[in-house]
Structure formats: C-alpha cells, structure tokens
Amino acid sequence: MSKSTFFCRNCGSQASKWMGRCPACGEWNTFEEEVIERTIKSKGEALPNLTGKSAPKQIQDISLLEMPRIHSGFSELDNVLGGGIVAGSIILLGGEPGIGKSTLLLQMALAVKGCKVLYVSGEESDAQLKMRAERLRIAPQNPDCFILTETITQEIFKHIDALKPQIVVIDSIQTLQSNLLDSGAGSISQIKECAAEFQHLAKTTAIPIFLIGHITKDGSLAGPKILEHIVDTVLQFEGDRHYGYRIVRCMKNRFGSTSELGIFEMENSGLREVLNPSDILLSQRDEEYSGSAIAAVLEGNRTMMIETQALVSSAVYGTPQRSATGYDIRRMNMLLAVLEKRCRFKLGAKDVFLNIAGGIHVDDPAINLGIVAAILSSAIDIPIDAKTCFAGEMGLNGEVRAVSRIEQRIAEADKLGFTRIFLSKYNLKGLQTKQFNIQLIPLGNIEEIFKHLFSD
Ligand code: TYD
Ligand code: MG
C-alpha cells in the first residue's frame, strides 16, 4: 500500500492535500508531497528490542541512581547539558554547515573517558574521520571510539545491539533512512521517523544519543520543530565562520537550565574550550581610538566584557548608511533616534557602522549603554579610556535603565581590572558597593554621560 502525504517544510505539520499556506505556521508555499509507506507488521521487528516490560512505578520508588551523568571530557559541554550527559537522553545539536558540529562530537568521542562510543556518520568516510581524528591531537585518545558509516537505521540498531556502546553519535539526522518509509533521506517524514526510532532506542536502552542536525538558512533546524518536541535537549552551535569563536547555546533542556552556554575556539587542532571569554572579546589595543566602548554583557549565566565599536562619519551619498554586525539594526536605529532627540545630536546626515568584536551576536539590552557611548565617542572623536566599561539599558526618553544581575557584572569588571563602570542610578539600590575596588558612576539620563566622558 502506497500512501502519500503533504508536509510543511517549515514546521513539519501534516496535511492530506496540498495547500498554498500552512495553517499551522502561516508560511507560504512550503508544502511538499512525500510518499510514506508503512507496513505496520514489520514495525515491531525493526524497532530496537525492548529490554524489560513497562510497568507503572510509584514516584518514590524511582531512584535517581538510574540517571547517572556521563562527563563528556569538556567542562563547557557538560555545563551546557546541565552537568553532564544524562543516560537515555536524546540531544540534538544544530548548527550551520561547517560550523564544527562533527568536530565537536568527534572530539568528545575521543576525549570521553572509559566509555564506549559509537560515532555513526552518513556524511564522511572512515578515512575522512580518521584524518580528522589525527588532526585533533587528543592524547590519550579513547580506545573505545568506534566509527560506523551507515545510514539505514535498522542496520545501525543491529550494530548498536552487538557493540553495546555507552554513547551514540549520529552525524547527521538528515542522512538517515528508515526502511519503513519509502521517502528519501532528509525528507520530513524520514527525519520524523528516524528521530522517533532513536528516541525509542534511547528510552529503552538508556544509551544517550547525540543527533547532529543541519540548520536551514533562516536559522531553524531543518526538518525543524518536530525534532525539538521529540528530543530532550536542543543545543545550538553558533558563531561566525570567519571568526574562531563558537558558542554552544542550550535552547531546551529537560535536565538542566537553558541559560547555560559554552564557548569554544576553533583552532587548527580542533575546538578548544574558552574558560575566560573576556580575554578574547576585548581587542588588544595599544593606542586609544575613538568609537570604542566596553560593555559588561550577560550571556546565559556568564558575564563577558565585550568591545563595541562604532564609526560615525559624514554620509557620502544622499541616504546615510546604517549597518550593524552582531547587533539588531532596528535597535541601533532606535538608539540613534534617542540620541538625536535627547542629546540633539545631528546623526541624520551621518553614516553609522556598528561592530561587536569577536563575531558574536548580543541580545542582552545591557549592551545599549556601551553602544551609545561608542557612537558618541566616534561622533565627537574623543576616545574613551580603556579601563572604563558600561552596563545599562536605554529607554526611549534617554533615561538609563537598570539591568539584571548588576552585581555579577560589576564583579567581573572589577576582577578584570577596570577602574570605572557606568550604570543606571536605579541599579544602586541595595547594592553592596564597598566590596568593589571599581568606581561606580551612576547615570539617570544619557546626557549625563558627557559630563563624565567628554567634557574636557
Ligand atoms: P565540521 O565539524 O566539519 O563542521 P560541521 O560538521 O558543522 O559541518 O567543521 C568544519 C570546519 O572546521 C572546517 O571548515 C574546518 C574547520 N576545522 C578547523 O579549523 N580545525 C580543525 O581541527 C578541524 C577538524 C576543522
Ligand atoms: Mg559535519
């Protein structure tokens, strides 16, 4: 019996007929026909063996010892996962092609201690993986790292059954194919089916499974939200390919907080953990230039000192250019409008370029005060001294607003040897100022920044 259905490429919702617009996600022209043929009878054989029968248990009888965590060999990765890899969990690692997903998980497979790992690749050959492993220079390498190049899930299950690995890595979910379905690898129905089969395997055997998933151009996981429901943890690997820095961000975690993140640097011999991110995000400079300001930004639970650079110059063409790297351009335009209105700064005829150092993208609104300072510094061409930093949000009336966890930000700036930090005066309430060496400069309004920075 052959049957076909239509799937939305964007959200994975299913329909029996083609539609121009997906009723679930509202995207246009995303429906695709896929042949799904499923013989129910063979399903029982094809799924991995159930070990033991299921039975209801009283909650107090369930012991947490059944959920030991495995340490991945990378403290940054363990942190993001909430303290290590949970047995029987299924972890989706998404990211753009070439960002380093295969490298990270192969490195983990080689570094994890005393654990049998099966790395299944549908994208690279044994020899290619060996070459990569050589390049990673991890010593001593885990002798129990097995490589399998296979894409049929039923075959993979047979090997897992025989080898009994303690961790399985699938590179990537888009290359897998289940014999139960006729549609091609990478189609929505295949991705759904293969992920469901692996979920079944993870839950019945308690083997943790990493699934690598490619991301489509618009930033969503290909085959997309359907997978996010199925898996326990969604990690996103991001970074600018032209820079070495990579961030593993947790988008969903059933076993820990989602505010953790791990920072890595891509080197010639693989990924290296960055335990002290502020060091790399501050550009090394000997001279002071105008247009540069340092902001104390929170990413997840970590504070980072990030350099923002602005360049304000007279527009050469009729329409001034505005561009921002690592920051939302609409928010930059909003800040420019505030400066124009509140500080009477004539920025309307100026080109404004903004760049966040290190190639990372910042969403924390506490960076706003730093950005405004950088723009002002460039506009009037007076440098800000390198030992000054900023942490504040800007309101539309030019008021400097309080930000969350100010103490943590001040402590980081203090630790790194900054001598003053600009912040909102509303943040001072209840703050234990004596414990810091750094000078706190409270601002109520953006105009007050001139008095401190640019008056002489
Ligand atoms: P890869 O892990 O293949 O990316 P993905 O699986 O996400 O598609 O990583 C690819 C990039 O990483 C590649 O462009 C080369 C670079 N790289 C290094 O810079 N150093 C290394 O040691 C390795 C293994 C890769
Ligand atoms: Mg890869």
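Above this text sits the structure in question.
From a predicted model like this one, the values you see are computed outputs, not experimental measurements.

Peer 1: I'm lost on the overall build of the protein chain in this one. Help?
Peer 2: Looking only at helices and strands, the protein chain has 12 helices and 23 strands in total. By principal-axis analysis of the C-alpha atoms, the protein chain measures approximately 80 × 50 × 50 Å. The buried share of the protein chain, reckoned over its 456 residues, is 50%. In the protein chain, once contacts between residues fewer than 6 apart in sequence are set aside, the share between residues at least 24 apart is 67%. Counting every atom, the protein chain has about 21,600 Å² of accessible surface; 51% of that belongs to carbon and sulfur.

Peer 1: What's the story with the pairing of strand β1 (residues 3–8) in this structure? I'm lost.
Peer 2: Consecutive residues of a regular strand have side chains that alternate between opposite faces of the sheet. Relative to strand β2 (residues 14–15), β1 runs antiparallel, the two sharing 2 bridges. Within β2, the residue paired with F6 across the bridge is A15. Hairpin remark: β1 followed by β2, antiparallel, with 5 residues in the connecting loop; positive phi at G12, about 80°.

Peer 1: Sorry, what's going on with the site of ligand 1 here?
Peer 2: In the neighbourhood of ligand 1, 15 residues make up the surrounding shell, with G98, S102, T103, E267 and G270 lying closest. Between ligand 1 and the protein, one listed contact pairs an oxygen atom with a backbone N or O atom of G98 at 2.7 Å. A distance of 2.9 Å separates an oxygen atom of ligand 1 from a polar side-chain atom of R132. For the shell around ligand 1, the secondary-structure elements that each account for two or more residues are α3 (101–111), α4 (126–136) and β13 (261–267).

Peer 1: Whenever I open this one, the side chain of E412 confuses me. Can you help?
Peer 2: With respect to the element layout, E412 can be found in helix α11 (residues 406–415). In this structure E412 comes out as buried when scored by relative accessible area, which is 11%. When near neighbours in sequence (up to four residues on either side) are disregarded, E412 contacts S278, T303 and M305.

Peer 1: So what exactly am I meant to see when it comes to the packing of aromatic side chains here?
Peer 2: Geometry of an aromatic ring pair is reported as the spacing of the ring centres plus the angle between the planes. Tallied over the entire structure, the rule returns 5 aromatic pairs. Judged by centre distance (5.7 Å) and plane angle (85°), the rings of F74 and F264 are edge-to-face. Here F74, found in the loop between β4 (69–70) and α2 (75–80), pairs with F264, found in strand β13; they are 190 residues apart in sequence, far enough to count as distant. With a centroid separation of 5.1 Å and 20° between ring planes, the pair formed by F390 and F422 is classed as stacked. Taken together, the positions of F390 in strand β19 (residues 388–391) and F422 in strand β22 (residues 420–424) put the pair 32 residues apart, joining distant regions of the chain.

Peer 1: Just checking my understanding: could you explain the sheet that holds strand β8 (residues 145–149) for this structure?
Peer 2: As a general point, the strands of a sheet are linked pairwise by backbone hydrogen bonds and lie either parallel or antiparallel. Across the sheet, which stays open at both edges, the 9 strands sit in the order β8-β7-β9-β10-β6-β11-β12-β13-β14 with mixed pairing between neighbours. The open sheet has two edge strands, β8 and β14 (270–273), and neither has a second partner. Sheet twist, expressed as the average angle between the axes of neighbouring strands with direction ignored, equals 25°. As paired elements, strand β6 (residues 90–95) and strand β11 (residues 233–238) share 5 bridges and run parallel to each other. The residue of β11 that forms the bridge with L93 is L235. Taken strand by strand, α3 contacts β6, β7 (117–121), β8, β9 (167–171), β10 (209–214), β11, β12 (245–253), β13 and β14, and its axis lies near 165° from that of β10.

Peer 1: So what exactly am I meant to see when it comes to unusual backbone geometry here?
Peer 2: Glycine aside, negative phi is the norm for most residues, and most peptide bonds take the trans geometry. A cis geometry characterises the amide bond from D171 onward to S172, with omega recorded as 0°. Even without being glycine, A206 reaches a positive phi, approximately 65°. Within the element layout of this structure, A206 appears in the loop between α6 (188–205) and β10.

Peer 1: Help me understand the sheet that holds strand β17 (residues 322–325) in this model?
Peer 2: Overall, mixed pairing links the 7 strands, which are arranged β17-β18-β16-β15-β19-β22-β23 in an open sheet. Each of the sheet's edge strands pairs with one partner strand only, and the pair in question is β17 and β23 (439–443). Direction aside, the axes of adjacent strands within the sheet are offset by 25° on average. Summarising the sheet, strand β15 (residues 292–299) and strand β16 (residues 302–314) pair through 8 bridges and their orientation is antiparallel.

Scoring rules and cut-offs
Residues numbered from 1 in each chain as written. Chains lettered and ligands numbered in written order. Predicted model: local features only at pLDDT ≥ 70, side-chain atom pairs only at ≥ 80, totals over all residues. Heavy atoms only, no water. Helix = DSSP H or I, 4+ residues; strand = E, 2+ residues; numbered from the N terminus. Buried < 20%, exposed > 50% of the residue type's maximum accessible area, 1.4 Å probe, protein only. Contact = heavy atoms within 4.5 Å. Areas by Shrake-Rupley, 256 points an atom, 1.4 Å probe, with all protein chains shown as cover. Pairing = 2+ DSSP bridges. Near = heavy atom within 4 Å. Polar contact = N/O pair within 3.5 Å; in protein donor to acceptor, adjacent residues only side chain to side chain. Phe/Tyr/Trp six-rings, centres within 6.5 Å; stacked < 30°, edge-to-face > 60°. Axes fitted to C-alpha atoms, helices over the stretch in contact; angles between N-to-C directions.

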